[in-house]
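These are the residues of each chain, in order.
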Amino acid sequence: MSAAGFNAQNGTGQPYANGPSQNPVGVQQLPGVNYGMMHQPAYNPLQPKAPAPPAPGLYPSGPYQHIPPASAYQPGPPPTSYPAPLSQPQLTRPPPGGPVTHIPPQSASSSPSPGPRLPPAQGTTPPPAVSSSGYYSNLQQPPVAPQWQYNLAPPPTGPSPSINTPPQATVPNHVSPPGPYSSALSPSMSHSTTQPSCTGAPPTSLQAYSHPATTPVPMNAAASHQHHPGRAHYAPPPAGPPPSMKPTAPVTGFPMPSATPAPPKAAAQCGGAACSSLPPTEPDCQEADIECPGMVGCVPPSSNGPSHVDSKPARLPLSDPPGRNLAHYPSLLSGYQHPSAPHGTPPSLHPGITHASQPYTQAPQPYQQPPPGPAHLSPSLAAMSLQSSTPETLRVVNLLQERNLLPPGQVAAPTPCLPQDLQKINCNPEVFRCTLTSIPQTQSLLNKAKLPLGLLLHPFKDLSQLPVVTSSTIVRCRSCRTYINPFVSFPDQRRWKCNLCYRVNDVPEEFMYNPVSRSYGEPHKRPEVQNATIEFIAPSEYMLRPPQPAVYLFVLDVSHSAVETGYLKVFCQSVLDNISALPGDSRTKIGFITFDSTIHFYNLQEGLSQPQMLIVSDIEDIFLPTPDSLLVNLNESKELVQDLLKSLPTLFEKTMETQSVLGSALQAAFKLLLPTGGRMSVFQTQLPNLGAGALQSREDPNQRASAKDIQHLSPATDFYKKLALDCSGQQVAVDLFLLSSQYCDLASLGCISRYSAGGVYYFPSYHHQHNPAQVERFQKDLKRYLTRKIGFEAVMRIRCTKGLSIHTFHGNFFVRSTDLLSLPNVNPDAGFAVQMSIEENLEDMQVVSFQAALLYTSSKGERRIRVHTLCLPVVHSLSDIFAGADVQAISGLLACMAVDRSVTASLSDARDAMTNAAIDSLTSYRQSVLTIQQPGVLAPSSLRLFPLYILALLKQKAFRTGTSTRLDDRVFSMCQLKYQPLVYAMLMLHPALYRVDDLTDEGALSVSDWTVPQPRVLQLSGEKLSMEGAFLMDAGTVMYLLVRRNCNPVFLSQVLGVPNYAAVPDNLYLLPELDTAESQRTRAFIGWLRDQRPFFPTLHVIREESPLKVSFMQNMIEDRTESALSYYEFVLHLQKQISN
């Protein structure tokens, strides 16, 4: 199919892009930009380092070139716009609803790999040459070790439209930025009456939100560790020379790539020409589903009359002239719903709502000024004594002297340094998390910190309490389309000020009434303004076609190898057991396709006495034999579906077909789902070797342990990517289940899921007899997959405060425009990550906000919008940035970046860049934050685990070298790091180790009548594995219970039910249910760990002689192996690099 054909499938004429995708709204690069100019380039660890020695506080990272990144929204230039350099057009943004700037589409078959920009094609105007007045006069620098360009937007792809911006009122700003951390109080801080929550004492903000009946949320304080300057160093390393650790040597011959650009964002128009070319099967401009329902959001700001846009988050006096009436809001009452919560759980609405008791009257009540929002924080907040005491997160840790760095339990997410009232209503870090909980004021300050700025999201996470609002009016900013949230402010009773673009909007009449408290005139007490996570049932304006039904199509491999694994019987039984629990309603449809060397369809039309198999052998020209009876209503044909599932395992049990026409089967399934969209579940057991998409083995088993760069991490063909893009354009997501003991080229097959917002589920060495642990995992995972919540035809947009911009996405999706992700299906187990940059100076702001809006169709046919809003403070000192660093979020984002780097460049480049990330940040901390230089490797307490996590990444299956690793295993590990939410990815990265032979009830949790012990997390070091113990390792998708040779006999008899160590059976994966206290404690603890994640981790009980002990020991991150350094040796390597 031609490129135009593929573009037409998406309905917008935009080029396809995915994976790490960037925002190309910039123009040409600015010539002659260096450190002394206001346009500060982003820190770029992917660019070559400069040969010049680093100056104090500066770490040169290559020829600095400024590319202005694009933000999700920019209503106009700041009050003092930077003049454009010569031959450089002024960077502006079109207003919402403005004309669409046409960008020629790219070919759909073009690779979206995040490589460097190619030279301009014929007919494209090349960018101007870089001026010699840049940071380096000679741009031909020798390439050296790779690093990441954390916060730089992509190079420009075309001219930027120029528009006239509305006039802006000059409003004095009374907000001063907070000062840096220090031990002494500055004069401006000596009169402060508030304490920030991050110093340990609950703050009492004079003008923050106040809710009288609430209690402060406890702080997540980091674990305390004593600093012993005179303490002896680690024990000497093992005898013999340590394995070689490559210094950051020059990399020759490979340019430093950035990420793949996203298609340019078209201005949202409702019913205009921008949407007129969409096919009827796709909503008419899905971007409009979130951005402009009806014509509400399509009116550009008027240039006549008073403007409601503030360029600074300054306080607006109440005497300001009221805003013009933006829309007519009918006086309708809103209804609120709450899903049934577990018994005994607190109400999901903010406590401030339940205490409002004003009776509803038609006349407005006397308005009381609500507590100010973040945009109205008083100058006293700027004078808060952030320096009254050094916070725990800034305690200096010498990594060469302190060994016990892990907290006793899970590593808690840092708490943003906000007033207590804002903290209580901020978004849950399990849903929305930032790598830096204190945002730097400028890009130059971020560059100096050498830390990545990004967000990690789990937007569709299963939540026990979720406020659901039914309203005919969803209140949104007229300018940037932000949903009203807890961090907006109310200048008066009838107006609210957006916390992203600072426009002042009118409060709709309907929003004045709060049906929970039955009061009128208190819009700041509405649930939308009391909950950072909320879900709306969308009105009809958000529907451009009737919501699609739940449609499930199963595509099953029935070749000889598939039958041998025995998966078909387990699959059919699981579907039979859970067929009534499939999410859906009376419209739910279901269908089945099987394939070997031919394709088999099944007629399940109501009225037949038994299912009919229809075989299509022409795999070159796929057609549907009876299109109307292959996808059937589940309720109407349920008996036929059950009959088919009972007969399928025996239907092919004697087959001798060894060929697999997976590509043709996928084409047939796509044709079947074309009219409706839905979910395609594909089960494959071998390498497809016939028809479209046929593959050949690319793995050389002899090269699995090679120290050289790993080959074949990228797809062998673009067939599966192109088909996935077609599926995404028609609201079809593809989930791939790979059950195989042989190479299947997951790097190629995985594209069908990656680009269609599906998922990959991998069961290596699956066999119904030889691997019962995998069978149990397949059963449990399939049950979760079939019964979990699902959203159809979804789109997600991430917005941020003016001055910030998003430029790279990570996860499984298709990028519809610069900041809009197309998700044909969305599930509760999918995670996403984005990289960000600071586009404009944030010095006039005290806080910034981020908002993710997910619009989807529920399985019941409701159009819903789930909104998450996160608020973070803005700081102007490096010490504040380091104090607010989230080491787990930073490691998770670096892992995503390393996966892309491995595929687009090489595995060695990715490994070197990860090491350089630790070197750069610790060097910046030593040079720019520490006032007294000490020997050793010094880190703030907030980053004390950073080198350990980097070493864990280097030893992770996705990135390790020198150890035999199957190619499919490596690729699947990369998929998990990109797709899994952070909390699950961290268990893969750094497993948790517990001693379980001495569990007690001290400090135990009480969960559902079970007493769950809470043993301490141990270091991943062999010295912790005493010969008398039993140790449980939780590695995310798998658990190991290692029984040592001299294990306590009580544990053996009371937990494992065996008299001695020799009697422990091989391949034990289930703990016996014994009526002993020890057995109940152990099983309760393992069950509690399993309940923390959606999918089922297998348990392997292993002895000293077990073959699986090798896998156990490979997860001992801190130990030295033949091909990798120990933690102590790695820290010594960092010390050497930092000193140089």
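Here the structure is shown first, and the text comes after it.
The notes below deal with the structure included here. Note that the structure is a prediction, hence the values are computed from the model and not measured. (Residues numbered from 1 in each chain as written. Predicted model: local features only at pLDDT ≥ 70, side-chain atom pairs only at ≥ 80, totals over all residues. Heavy atoms only, no water.)

1. Examining the packing of helix α16 (residues 887–904) against helix α20 (residues 982–989)
And then number 1: At a minimum axis distance of 10 Å, the contact between α16 and α20 shows a crossing angle of 80°. Taken together, the axis directions place α16 and α20 in an arrangement best described as roughly perpendicular. For the pair formed by α16 and α20, the contact residues are Q888, A889, S891 and G892 on the first element and L982, M986 and L989 on the second.
And then number 2: Grouping the constituent residues of the contact of α16 with α20 by class yields 4 nonpolar, 3 polar and no charged. (Axes fitted to C-alpha atoms, helices over the stretch in contact; angles between N-to-C directions. Helix = DSSP H or I, 4+ residues; strand = E, 2+ residues; numbered from the N terminus. Parallel < 35°, antiparallel > 145°, perpendicular 65-115°, else oblique. Contact = heavy atoms within 4.5 Å. Nonpolar A, V, L, I, M, F, W, Y, C, P; charged D, E, K, R; others polar.)

2. Here we look at α16
Because the α-helix completes a turn every 3.6 residues, residues three or four places apart line up on one side.
And then number 1: Along its 18 residues, α16 runs 26 Å from first to last C-alpha, staying within 8% of the 26 Å computed at 1.5 Å per residue.
And then number 2: Of all 18 residues in α16, 17 are buried; the element is thus mostly enclosed. (Expected span 1.5 Å × (residues − 1). Buried < 20%, exposed > 50% of the residue type's maximum accessible area, 1.4 Å probe, protein only.)

3. Thoughts on the packing of aromatic side chains
And then number 1: Counted under the stated rule, the structure contains 23 aromatic pairs.
And then number 2: When the centroid spacing of 6.0 Å and the interplanar angle of 25° are considered together, the rings of Y483 and F536 count as stacked. Pair noted here: Y483 is in the loop between β8 (468–470) and β9 (489–492) and F536 is in strand β14 (residues 533–537), with a separation of 53 residues, a long-range link. Across the pair, F536 and Y483 agree in class, each one buried.
And then number 3: Each residue in the set F554, Y567, F571, F592, F683, F737, Y761, F763, Y766, F778, Y785 and F1095 is aromatic and connected to the rest through ring pairs, giving one cluster.
And then number 4: A cation over a ring is seen here: R679 above Y785, with NZ or CZ 4.2 Å from the ring centre.
And then number 5: Taking NZ or CZ as reference, K780 lies 4.1 Å from the ring centre of F1096, over its face. (Phe/Tyr/Trp six-rings, centres within 6.5 Å; stacked < 30°, edge-to-face > 60°. Lys NZ or Arg CZ within 6 Å of the ring centre and 35° of its normal.)

4. A look at the state of the cysteines
And then number 1: Tallying each qualifying case throughout the model produces 0 disulfides.
And then number 2: With no disulfide partner, C498 has as its closest neighbouring cysteine sulfur the one in C480, 3.6 Å distant.
And then number 3: You can see C501 has no disulfide; the closest cysteine sulfur is in C477, sitting 3.5 Å from it.
And then number 4: With relative accessibility at 0%, the residue C501 sits in the buried group. (Disulfide = S-S within 2.5 Å.)

5. Here we look at the sheet that holds strand β36 (residues 1098–1102)
And then number 1: Taken in spatial order, the 4 strands of this open sheet run β31-β34-β35-β36, and their pairing is mixed. Across the chains shown, the open sheet's two edge strands, defined by having one partner strand only, are β31 (992–995) and β36. Going from strand to strand, the sheet's axes swing by 15° on average, the running direction of each strand aside.
And then number 2: Bridge analysis of strand β34 (residues 1030–1034) against strand β35 (residues 1038–1043) gives 5 bridges, and the strand direction is antiparallel. Bridging from a neighbouring strand, A1030 pairs with V1043 of β35. (Pairing = 2+ DSSP bridges.)

6. What to know about the environment of D900
And then number 1: Relative to the assigned elements, D900 resides in helix α16.
And then number 2: Measuring from C-alpha to C-alpha, the distance between D900 and A910 comes to 8.4 Å, with 10 residues separating the pair along the chain.

7. With respect to the pattern of salt bridges
And then number 1: Evaluation of the coordinates by the stated rule reveals 34 salt bridges.
And then number 2: D492 is paired through a salt bridge with R495; the nearest N and O atoms lie 3.0 Å apart.
And then number 3: Across the pair D781 and R777 runs a salt bridge whose closest N-O atoms are separated by 3.5 Å. One end of the pair is D781 and the other is R777, both in helix α14 (residues 772–787) and 4 residues apart, which spans about a single turn.
And then number 4: The exposure class of D781 is buried, given its relative accessible area of 5%.
And then number 5: A cluster of three or more residues bridged by salt bridges with shared partners is formed by D462, R784, R788 and D829. (Salt bridge = Lys/Arg side-chain N within 4 Å of Asp/Glu carboxyl O.)

8. Let's talk about the sheet that holds β9
And then number 1: Spatial ordering of the open sheet is given by β9-β10-β11, a layout of 3 strands whose pairing is antiparallel. On the outer flanks of this sheet lie β9 and β11 (504–506), each paired with one strand and no other. Averaged over all adjacent pairs, the angle separating strand axes in this sheet is 35°, with direction ignored.
And then number 2: Where β9 lies against strand β10 (residues 495–497), 2 bridges are found, and the strand directions are antiparallel.

9. Let's talk about unusual backbone geometry
And then number 1: Positive phi, normally seen in glycine, also occurs at Y502, with a value near 70°.
And then number 2: You can see Y502 is positioned in the loop between β10 and β11.
And then number 3: For Y502, a relative accessible area of 2% translates into the label buried.
And then number 4: With phi around 65°, A757 is a residue other than glycine that occupies positive phi space.
And then number 5: Counting through the fold element by element, A757 comes out in the loop between α13 (751–754) and β22 (760–764).
And then number 6: By relative accessible area, A757 is classed as buried at 6%.

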